[in-house]
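# Residue-level structure breakdown
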Amino acid sequence: MNVFFRINDTLFTAPTSERILDGVTRKSLIAIAKRDGVKIEERSVLVSEIIQGAKDGSLKEIFGAGTAAVVNPIVGFSYQDVYYELPKIENSIALELKEKLTNIQYRLAEDTFGWMVKV
């Protein structure tokens, strides 16, 4: 599973490596986000950035992405015995991306990427 962080209106996720999965779900969500004009950065995300974002309110969402779960929102995190709860938001990019991806998978939306192939 990969992890995404939404700080303000930008999505951040770590670049792939031998420790970060280069998964199909990750690639698909990034492609959909870019197509739809969501700013996304693939770079290392520092714990200090996440904590600062939680404190000042700029950290809007954290979500995991993977084959089995597709997208799973994360409601908070803990670091050094301090729990940081994320705000409840109405315009969840995570849930929008999940819906768009599953709509393509179930042929409820056009596959503009050419991902669907006849087997």
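Located above this text is the structure these notes cover.
Here the structure is a predicted model, which is why all the values come from computation and not from measurement.

### Here we look at the pattern of salt bridges
Evaluated as defined, the whole model comprises 9 salt bridges. Here Lys27 ties to Asp22 by a salt bridge, and the two come within 3.6 Å at their closest N and O atoms. For Asp22, a relative accessible area of 44% translates into the label partly exposed. Taken together, the shared-partner salt bridges in this structure form one network comprising Lys39, Glu41, Arg43 and Glu49.

### Description of the side chain of Arg26
One can find Arg26 in helix H1 (residues 24–35). Look at Arg26 and you get buried, because its relative accessible area is 3%. Look past the residues within four positions of Arg26 in its chain and what remains in contact with it is Asn2, Phe4, Thr13, Ala14, Pro15, Thr16, Leu21 and Glu42.

### Some thoughts on unusual backbone geometry
In this structure, Val70 is a non-glycine residue whose phi angle is positive, near 65°. Examined against the element boundaries, Val70 turns out to sit in strand E5 (residues 70–74). One non-glycine residue, Asp81, lies in the positive phi region at around 65°. Here Asp81 shows up in the loop between strand E6 (76–79) and strand E7 (82–85).

### Let's talk about the pairing of strand E2 (residues 10–13)
The alternating pattern of E2 places Thr10 and Phe12 and Leu11 and Thr13 on opposite faces, both of which are buried. Pairing of strand E1 (residues 2–7) with E2, which is carried by 4 bridges, proceeds in the antiparallel orientation. Residue Phe5 lies in a different strand from E2, and its bridge partner there is Phe12. Here E1 folds back onto E2, and the loop between the two strands holds 2 residues, one of which, Asn8, carries a positive phi near 55°. Bridging between E2 and strand E3 (residues 39–42) involves 4 bridges; their strand directions are parallel.

### Things to note about the layout of surface pockets
Computed from the structure, the largest pocket encloses a volume of approximately 280 Å³. Pro73, Val75, Pro87, Lys88 and Ile89 are, among the 16 residues lining the largest pocket, the residues nearest its centre. By residue number, the principal contributor to the lining of the largest pocket is strand E4 (residues 59–66), which donates 4 residues. Its residues assigned to classes, the lining of the largest pocket shows 10 nonpolar, 1 polar and 5 charged. Forming the walls of the second largest pocket are Val24, Thr25, Lys27, Ser28, Thr67, Leu101, Ile104, Gln105, Trp115 and Met116. Listing elements by their share of the lining of the second largest pocket, those giving two or more residues are H1 and helix H3 (93–105). Class assignment for the residues of the lining of the second largest pocket results in 5 nonpolar, 4 polar and 1 charged.

Conventions and cut-offs
- Residues numbered from 1 in each chain as written.
- Predicted model: local features only at pLDDT ≥ 70, side-chain atom pairs only at ≥ 80, totals over all residues.
- Heavy atoms only, no water.
- Salt bridge = Lys/Arg side-chain N within 4 Å of Asp/Glu carboxyl O.
- Buried < 20%, exposed > 50% of the residue type's maximum accessible area, 1.4 Å probe, protein only.
- Helix = DSSP H or I, 4+ residues; strand = E, 2+ residues; numbered from the N terminus.
- Contact = heavy atoms within 4.5 Å.
- Pairing = 2+ DSSP bridges.
- 1 Å grid on protein atoms, 1.4 Å probe; cavity = no way out; pocket = protein on both sides within 12 Å on 5 of 7 lines; lining within 4 Å.
- Points joined across faces, edges and corners; volume = space filled by probe spheres on them.
- Nonpolar A, V, L, I, M, F, W, Y, C, P; charged D, E, K, R; others polar.

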